[in-house]
Amino acid sequence: RGKDRPKNFHQTAHRNTRLVINMFGDKPLNEYSSVEAGRLRDRLIERQLSPMSVRRAFTCIKAIFNFGLAEFGLDCANPFARIHMPEAKDKKRLPIPTVTIREIQSACFEIDDDLRWLVALISDTGMRLSEAAGLAIEDICLDHGVPHINLRPHPWRRLKTQQSERQIPLVGAALWAAERLVAEEERQWCFPRYTNVEGCNGNSASAALNKWLKVNFSSEALVHGFRHSFRDRLRAVSCPTEMIDQLGGWSANSVGERYGVGFGLEQKGSFVELI
């Protein structure tokens, strides 16, 4: 299952496997019990893990057990499958207000370094942080009627879903950042601080950028908030929902939306210009 998966996929699997082994020993899969699964849940709660963290750990462990039971032909129930979980409220990520986005972009223009280029690039494209941090220079197309990014998977950075592979018009602060990146001395990656042949360290980028945003603008400002704002800003200019999904790489809501090649760059560019 780990073939071609990022480093954090393996780290998560090993970390959660160790939780089970350290508490109950390394046993055949069919010798673990639901009573033990309940004890692991209680231990994690005692360690003051949030309900969401406990649920995430169990989701991973359940998946490992399901895979192992199927691969080895074991005819038994997954002991981690029906354990009662504590109630968890996923904290809603708030969009960054447009006026704050403008302040952030102005600061990016003034500081003018690679971290600010990354923020500016995300602010007017709605890209996920790992999508932007893992870009190659060749993904940026400025010599085109509509300057844009060809967002595609790379050996060092996968994309979240099939719909994530897309073309995104470059305007405003994002275009400024792209021009800065292309003008840099010849290199393979846009952000070598976070990306190399071994992978893309999105967590490190997230920590650095979120700290800068919170200290200088708002305690509620997070990098992922730009993505929420991007959708709201497109709604505000009456952009069609199907086009919004294509611009942001969100999954299609109907079978019909998967037909055809979708909107062209010129069409998408006209709405991105409006925001």
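The preceding data block contains the structure.
Residues numbered from 1 in each chain as written. Predicted model: local features only at pLDDT ≥ 70, side-chain atom pairs only at ≥ 80, totals over all residues. Heavy atoms only, no water.

Before going further, it helps to examine the overall build of the chain. Assigned secondary structure in the chain consists of 11 helices and five strands. Along the longest, intermediate and shortest principal axes, the C-alpha atoms of the chain span 65 × 45 × 40 Å. Residue burial in the chain is summarised as follows: out of 275 residues, 41% are buried. Across the chain, contacts joining residues at least 24 apart in sequence account for 61% of those joining residues at least 6 apart. Surface summary for the chain: the accessible area is close to 15,600 Å², and the carbon and sulfur share equals 49%. (Helix = DSSP H or I, 4+ residues; strand = E, 2+ residues; numbered from the N terminus. Buried < 20%, exposed > 50% of the residue type's maximum accessible area, 1.4 Å probe, protein only. Contact = heavy atoms within 4.5 Å. Areas by Shrake-Rupley, 256 points an atom, 1.4 Å probe, with all protein chains shown as cover.)

With that settled, consider the pattern of salt bridges. Evaluated as defined, the whole model comprises 12 salt bridges. A salt bridge links Glu 138 to Arg 152; the shortest N-O distance between them is 3.6 Å. Here Arg 152 lies in the loop between strand 2 (148-151) and strand 3 (166-169) and Glu 138 lies in the loop between helix 6 (129-133) and strand 1 (140-141), a separation of 14 residues in the sequence. Overall, Arg 152 belongs to the partly exposed group, its relative accessible area being 29%. (Salt bridge = Lys/Arg side-chain N within 4 Å of Asp/Glu carboxyl O.)

Here we take up the sheet that holds strand 2. An order of 1-2-3 is seen for the three strands of this open sheet, with the pairing classed as antiparallel. Two strands bound the open sheet, and with one partner strand each, they are strand 1 and strand 3. The sheet contact formed by strand 1 and strand 2 spans two bridges and is antiparallel. What sits directly across from Cys 141, in strand 2, is His 148. (Pairing = 2+ DSSP bridges.)

Along the chain, the position of Asp 139 falls in the loop between helix 6 and strand 1. Those residues within four positions of Asp 139 in sequence are excluded, and the remaining contacts are His 148, Ile 149, Asn 150, Arg 152 and His 154.

Secondary-structure assignment places Thr 17 in helix 1 (residues 7-24). Each C-alpha atom, one on Thr 17 and one on Ala 136, is 34 Å from the other, the two residues being 119 residues apart in sequence.

Here we come to the environment of Leu 175. Counting through the fold element by element, Leu 175 comes out in helix 7 (residues 172-183). Leu 175 sits 26 residues away from Ile 149 along the chain, and the two C-alpha atoms are 9.8 Å apart. Apart from the residues within four sequence positions on either side, Leu 175 is in contact with Leu 142, Pro 147 and Leu 170.

Time to look at the packing of aromatic side chains. For the structure on display, the rule yields six aromatic pairs. Lying across the ring of Tyr 32, Lys 27 places its NZ or CZ 4.9 Å from the centre. Between Arg 116 and the ring centre of Trp 212, over which it is positioned, the NZ or CZ distance is 4.7 Å. (Phe/Tyr/Trp six-rings, centres within 6.5 Å; stacked < 30°, edge-to-face > 60°. Lys NZ or Arg CZ within 6 Å of the ring centre and 35° of its normal.)

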